[in-house]
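Take a look at the letters that make up each chain.
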Amino acid sequence: MSVLSVKEFEKIKHPVHEELAGYEGAKFGMWLFLATELLLFGVLFAAFAIFHAKYPVEFKLAHMSLDRVMGSINTVILITSSLTVALAIDAIQRGKRNRSIWFLIATILLASGFLVVKYFEYTAKFEHNIFPGNAQQVVIDHHTHQYGPVPSQWEGKQVDKNGVNLFFSFYFVMTGIHGLHVLIGMIVLTWVLVGMIQGKYTHWYYTPVENAGLYWHLVDLIWIYLFPLFYLIQ
Amino acid sequence: MHIPTQESRGHISPTKTYIYVGIALLVLTVITVAVSYIDFGQMAINVTIALIIATIKATLVLLYFMHLKYENKLIWSFGIFYPLVLFIIMIGMIVIDVFFRVVPK
Amino acid sequence: MAHAVAHEHNHNKSYLEVGRSIWGWLTTTDHKKIGIMYLFTIMIYFAVGGISALLVRLELIAPGKTFFSPDTYNVLFTLHGAIMTFLFIVPGIPATLGNFLLPLMIGAKDVAFPRINLASYYVYLIGSLIALVTLLSPADTGWTFYAPYSMKTNGLVIWLTFGAFIMGFASIMTGFNFIVTVHRMRAPGLGWSNLPLFVWALYATAIIQLLATPVVGMNLLLLIFERVLDIGIFNPAKGGDPILFEQFFWFYSHPVVYIMILPAFGVVSEILPVFSRRPIFGYKAIAYSSLAIALVSFLVWGHHLFVSGMSDWARYIFSFLTFFVAVPTAIKIFNWLATLWRGSLEITATPMYYVLGFLFMFTIAGLTGLHLAVLSTDVYLHDTYFVVAHFHYTMQGGTVFALIAGLHYWFPKITGRMYNKKVAFWGWLVLFVGFNATFLPQFLLGLEGMPRRYFDYLPHFQTWHLVSTIGSWFNGLGYIIVLTNLLVSAFTGEKAEANPYNALSLEWQTSSPPPETNFITTPQFPESIYDYGTEGKEETTKTKKAI
């Protein structure tokens, strides 16, 4: 039977939270949480796939209303931000605190850039009378990007206005919830940045930085699938 | 006695790895956008190609940015395998429902 | 050699004696206190849900309008279902007994993420209060919120569903907290094959909590968007599919019933060997069957949609798969029976007669589930009282009875006192008779075609409805007696010793109640924690005189 020494006993009297789960435990916990996010978005992707298969003509028509350029810019922004956050973690792993701070700042700025582009995209939709649940117009000519009322026929096939409406419902809901996760990610990264500036993280303790990075990569991952499904399917 | 310690002890990839993966992701983005301008006739083909490229990108993010390449079986199981299997079951059964209903005329 | 037994005058205060102020409790990260906070909260909601149940049964005492309008009746069964499901039984055993016991049973000083544990309680609390805003103009959709009615009906549906959405996060937090705890915080030398079965059960439950909850979370969010934005995804008039709501809803809500019952099975597996003085029969089978249940529970949700309009192929596949989910549970029942066989049964021990009652009631529950798994009989029985009886036998006869059994069994550990055993017995008797009188007739009502959620009924159903309503009064009275006994005894009961039953699992090796950090000295692991009744070993053959 081992009786704890006074020093060991003092340590457990006031457990430091990292000492409970440890680095591996905290990382495992973060991955478990990421699993829930995958399933959360999985519902949306599943529903989107079902309706895409049900209304192929309408979805193809409606997607022309999305600005491929803005979508591509956002993709580049997010990929770059994934790179910068990975480099931020890489920096602190090597003890380079200042470098890490700059990379974190870059990530947060890129994230806000994403939201700015999203803002312009959404307002463009609203200006053309396209709202979640009530899409009154679509781009009818993909060369000129002219908007018009939803046609009853397109490319020789019947168009069900409901299908067009559903496309935009999915667009707003899925990019909206994704955007919310971008915002949450920004808040988490800012919290990590503050801690980094305060000197909380070192080359031998950077667990929260890494876990925040994992969350940010997930946000990027979801967009990697959102982008082609909404903007690129022809 | 083993007490989990505070120390972060992850695998440290060379910095260059992140740069290379980042460049690869950007290149793949260019490819996927370019390919989307080509009309393959059937939408299903476009969708498939787009999803394949997306999956390649996702795999790079998972393996290198998220360090999955160096993680243990538990993280692979809980983080990837179980959610993926459940997603397939969910969408699979819903497809078997929605697209095999017999609607009386 | 010596056991790590806590002495009367130990240097460490019990967890109840530290941080005694309200602020101390509200900001605690001690899993034991968090478990107790959860317990008090869910019990309050149990009372609210219970009262709504009594009112539902009261209306049904006679055909036609008795006390309430049809709309009020719809509100009553909605509140009963939603409160009992989301506010009481889903947190249920894991958040209360699980929180208290898991670290103790594995020799740890707390769970992996104690602050997240506290946060989960507040998330749950806030979610429950948001949900209860619906009382101002309550939803009448049933706890299942089927579209399109739930999209259109007046009433504060959004508050209720958003509250459920928030509470889902609490469930997820508990889920990953427990998973990491079991993987990472077992005391050195404690392998998986020596874990208490309650721990196996909590682990399997945590996996379901983690993976199933996000699906219903998103589904409820989509329902909210339907109500607010009219997005159309579930609206047939806008090209949507109302059955899609049911698909996503039951994808969670079937596994959730295993979140409810798996911990109950764990409680039974802990109590039975102690009061049979026999090792648990088939430890590995019971342990793995918990994992098997967790897996198969995700494959069968469509059996709730047999008459919804789902395709035939889906119905055949789901019916076929549903048969499999009964197998691991049956394995448990047989193993428990084998544990009892030739044991020295202490049937006068309160936890023991609760558990024996559980075996009876859960067998009924499980067998009647098979009637519903068979597609052809389910078409007839769906939405009748047969289903209502089935799930009350699983949830009340199963989970609630097991929770109460566990509260009695671990009462000395949690409070350091003993409850009044005479009152406990009479309370149980009233409860057991009352519960069975309420729900056994409902199988008959269902077979005769009495539909569920109906405010009115044909006169020939009245006899059984009358019996059921009177039964509900005894059901309620039983809970009042039992829970009052526990509450009063927590403050005034006789002091209990560290290990009143001569049990072998780790939680009994520390004082009753335990110190804040659970163990003063490293706990000793017996070779097998179910090593009861071994010849020649005095300490394993008998429970103490306390029984």
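Residues numbered from 1 in each chain as written. Chains lettered and ligands numbered in written order. Predicted model: local features only at pLDDT ≥ 70, side-chain atom pairs only at ≥ 80, totals over all residues. Heavy atoms only, no water.

Caption draft 1: Up close: the overall build of chain B. A count of helical and extended segments in chain B gives three helices and zero strands. Written out in order from the N terminus, the α and β elements of chain B read α-α-α. Counting only C-alpha atoms and orienting by the principal axes, one finds that chain B spans roughly 70 × 40 × 15 Å. Burial statistics for chain B: of 105 residues in total, 41% are counted as buried. A sequence separation of at least 24 residues applies to 57% of the contacts in chain B between residues at least 6 apart. Looking at chain B, you have 7 positive and 4 negative side-chain charges, and the mean spots of the two groups are 4 Å apart. (Helix = DSSP H or I, 4+ residues; strand = E, 2+ residues; numbered from the N terminus. Buried < 20%, exposed > 50% of the residue type's maximum accessible area, 1.4 Å probe, protein only. Contact = heavy atoms within 4.5 Å. Lys, Arg positive; Asp, Glu negative; His and termini not counted. Charge placed at Lys NZ, Arg CZ, Asp CG, Glu CD.)

Caption draft 2: The arrangement of the nonpolar core in detail. Residues Phe230 of chain A together with Leu97, Trp336, Phe358 and Trp410 of chain C are the most contacted members of the largest nonpolar core, which totals 288 residues. The leading source of residues in this core is helix 9 (residues 242-276) of chain C, at 22 residues. Ignoring anything within four residues of it in the chain, the contact list for Trp336 of chain C reads Phe265, Val268, Ser269, Leu272, Ile280, Ile286, Phe358 and Leu359 of chain C. Within the second largest apolar cluster, 13 residues are counted, among which are Val56, Leu60, Val388 and Phe461 of chain C. (Core = buried A, V, L, I, M, F, W, Y, C linked by side-chain atoms within 4.5 Å.)

Caption draft 3: Structural view of the pairing of strand 4 (residues 146-149) of chain A. Residue and element names in this part refer to chain A. The pairing of strand 3 (residues 137-141) with strand 4 spans four bridges and is classified as antiparallel. Looking across to strand 4, one finds that Val139 is bridged to Tyr147. Here strand 3 hands over to strand 4 after four residues, with His145 in that stretch at a positive phi of 55°. (Pairing = 2+ DSSP bridges.)

Caption draft 4: Here's a closer look at the packing of helix 2 (residues 31-59) of chain C against helix 14 (residues 385-409) of chain C. Residues and elements named next belong to chain C. Look at helix 2 against helix 14: their axes get within 14 Å of each other, and the N-to-C directions meet at 150°. Between helix 2 and helix 14 the crossing geometry is left-handed. Contact with helix 2, carried on its side by Leu39, Met43, Phe46 and Arg57, involves Tyr385, Val400, Leu403 and Leu407 of helix 14 and no other residues of that element. (Axes fitted to C-alpha atoms, helices over the stretch in contact; angles between N-to-C directions. Left-handed = near helix turned anticlockwise from the far one by under 90°.)

Caption draft 5: Spatial organisation of the packing of helix 9 of chain C against helix 14 of chain C. Residue and element names in this part refer to chain C. At their nearest, the axes of helix 9 and helix 14 sit 9 Å apart, and the two run at 50° to each other. Relative to helix 14, the element helix 9 lies oblique. In terms of crossing hand, the pair formed by helix 9 and helix 14 is left-handed. Contact residues: Met260, Ile261, Ala264, Val267, Glu270, Ile271, Val274 and Phe275 in helix 9; Thr394, Met395, Gly398, Thr399, Ala402, Ala405, Gly406 and Tyr409 in helix 14. Grouping the amino acids of the contact of helix 9 with helix 14 by side-chain chemistry returns eleven nonpolar, four polar and one charged. (Parallel < 35°, antiparallel > 145°, perpendicular 65-115°, else oblique. Nonpolar A, V, L, I, M, F, W, Y, C, P; charged D, E, K, R; others polar.)

Caption draft 6: The arrangement of empty space enclosed by the protein in detail. Residues and elements named next belong to chain C. Tallied over the full model, the rule gives seven cavities of 30 Å³ or more. Around the largest cavity sit 18 residues that line it, and Phe86, Val90, Met167, Gly168 and Ser171 are the ones nearest its centre. Those elements that place two or more of their residues in the lining of the largest cavity are helix 7 (157-184) and helix 8 (197-229). Partitioning the lining of the largest cavity into residue classes produces 13 nonpolar, five polar and no charged. (1 Å grid on protein atoms, 1.4 Å probe; cavity = no way out; pocket = protein on both sides within 12 Å on 5 of 7 lines; lining within 4 Å. Points joined across faces, edges and corners; volume = space filled by probe spheres on them.)

Caption draft 7: Expanded view of helix 10 (residues 283-296) of chain C. Residue and element names in this part refer to chain C. With 14 residues, helix 10 extends 20 Å between its outermost C-alpha atoms, agreeing within 8% with the 20 Å of an ideal straight helix rising 1.5 Å per residue. Along helix 10, the residues that are buried comprise Tyr283, Ile286, Ala287, Ser289, Ser290, Ile293, Ala294 and Val296. Where helix 10 is buried, its residues contact helix 8, helix 9 and helix 11 (312-340). (Expected span 1.5 Å × (residues − 1).)

Caption draft 8: Spotlight on the interface of chain C and chain A. At the interface, 41 residues of chain C touch 38 residues of chain A. With both sides pooled, the region where chain C packs onto chain A buries about 3500 Å², and carbon together with sulfur makes up 73% of that total. Considering only the surface of chain C that becomes buried against chain A, Lys109, Arg184 and Met218 of chain C emerge as the three largest contributors, covering 16% of it. Across the chain C-chain A interface, the total number found is one salt bridge. The salt bridge partner of Glu24 of chain A is Arg184 of chain C, with a shortest N-O separation of 3.5 Å. The set of elements that each furnish at least two residues to the side of chain C that touches chain A consists of helix 5 (114-132), helix 7, helix 8 and helix 9 of chain C. Among the residues making up the side of chain C that touches chain A, the classes are represented as 25 nonpolar, nine polar and seven charged. (Buried area = accessible area lost by both parts, 1.4 Å probe. Salt bridge = Lys/Arg side-chain N within 4 Å of Asp/Glu carboxyl O.)

Caption draft 9: Quick peek at the packing of aromatic side chains. Evaluation of the coordinates by the stated rule reveals 84 aromatic pairs over all chains. Judged by centre distance (5.9 Å) and plane angle (55°), the ring pair of Trp223 of chain A and Tyr231 of chain A falls under tilted. We classify Tyr231 of chain A as buried; its relative accessible area is 1%. Taking the ring centre of Tyr37 of chain B as reference, the NZ or CZ of Arg68 of chain A above it sits at 3.9 Å. (Phe/Tyr/Trp six-rings, centres within 6.5 Å; stacked < 30°, edge-to-face > 60°. Lys NZ or Arg CZ within 6 Å of the ring centre and 35° of its normal.)

Caption draft 10: Quick look at the interface of chain A and chain B. Every contact between the two is made by 58 residues of chain A and, on the other side, 53 residues of chain B. Taking both partners together, chain A and chain B bury about 5000 Å²; carbon and sulfur atoms supply 73% of that area. Sorting the residues of chain A by area buried against chain B places Trp31, Ile50 and Ile79 of chain A first, and these three jointly supply 13% of that buried surface. At the boundary of chain A with chain B, the tally comes to one salt bridge. The closest approach of N and O atoms between Lys27 of chain A and Glu71 of chain B, which form a salt bridge, is 2.7 Å. Run the count over chain A and chain B and you get ten residue pairs in polar contact (both at pLDDT 80 or more). For the side of chain A that touches chain B, the secondary-structure elements that each account for two or more residues are helix 2 (17-54), helix 3 (56-63), helix 4 (68-93) and helix 7 (207-232) of chain A. (Polar contact = N/O pair within 3.5 Å; in protein donor to acceptor, adjacent residues only side chain to side chain.)

Caption draft 11: Broad picture of the side chain of Thr144 of chain C. Residues and elements named next belong to chain C. You can see Thr144 is positioned in the loop between helix 5 and helix 6 (149-152). At 3.3 Å, the side chain of Thr144 forms a polar contact with the side chain of Arg453. Those residues in contact with Thr144 that lie beyond four places of it in its chain are Phe245, Phe249, Trp250 and Arg453.

Caption draft 12: Summary view of the pattern of salt bridges. For the coordinates displayed, the defined rule picks out twelve salt bridges over all chains. Among the salt bridges present, the one from Asp312 of chain C reaches Arg315 of chain C, with a minimum N-O distance of 2.9 Å. Of this pair, Asp312 of chain C and Arg315 of chain C both sit in helix 11, three residues apart, roughly one helical turn. Since its relative accessible area comes to 33%, Asp312 of chain C is described here as partly exposed. A single network of salt bridges, built from pairs that share partners, joins Lys27 and Glu210 of chain A together with Glu71 of chain B.

Caption draft 13: Examining helix 6 (residues 161-197) of chain A more closely. Residues and elements named next belong to chain A. Over its 37 residues, helix 6 runs 53 Å from end to end, which matches the ideal 54 Å to within 8%, given 1.5 Å per residue. Taking the backbone nitrogen of Asn162 as reference, a side-chain oxygen 2.9 Å away marks Asp160 as the first, capping residue of helix 6. Of the residues flanking the end of helix 6, it is Gly199, one or two places downstream, whose phi is positive at about 85°.

It is worth stressing that arrangement in space is one thing and function is another; only the former is reported here.
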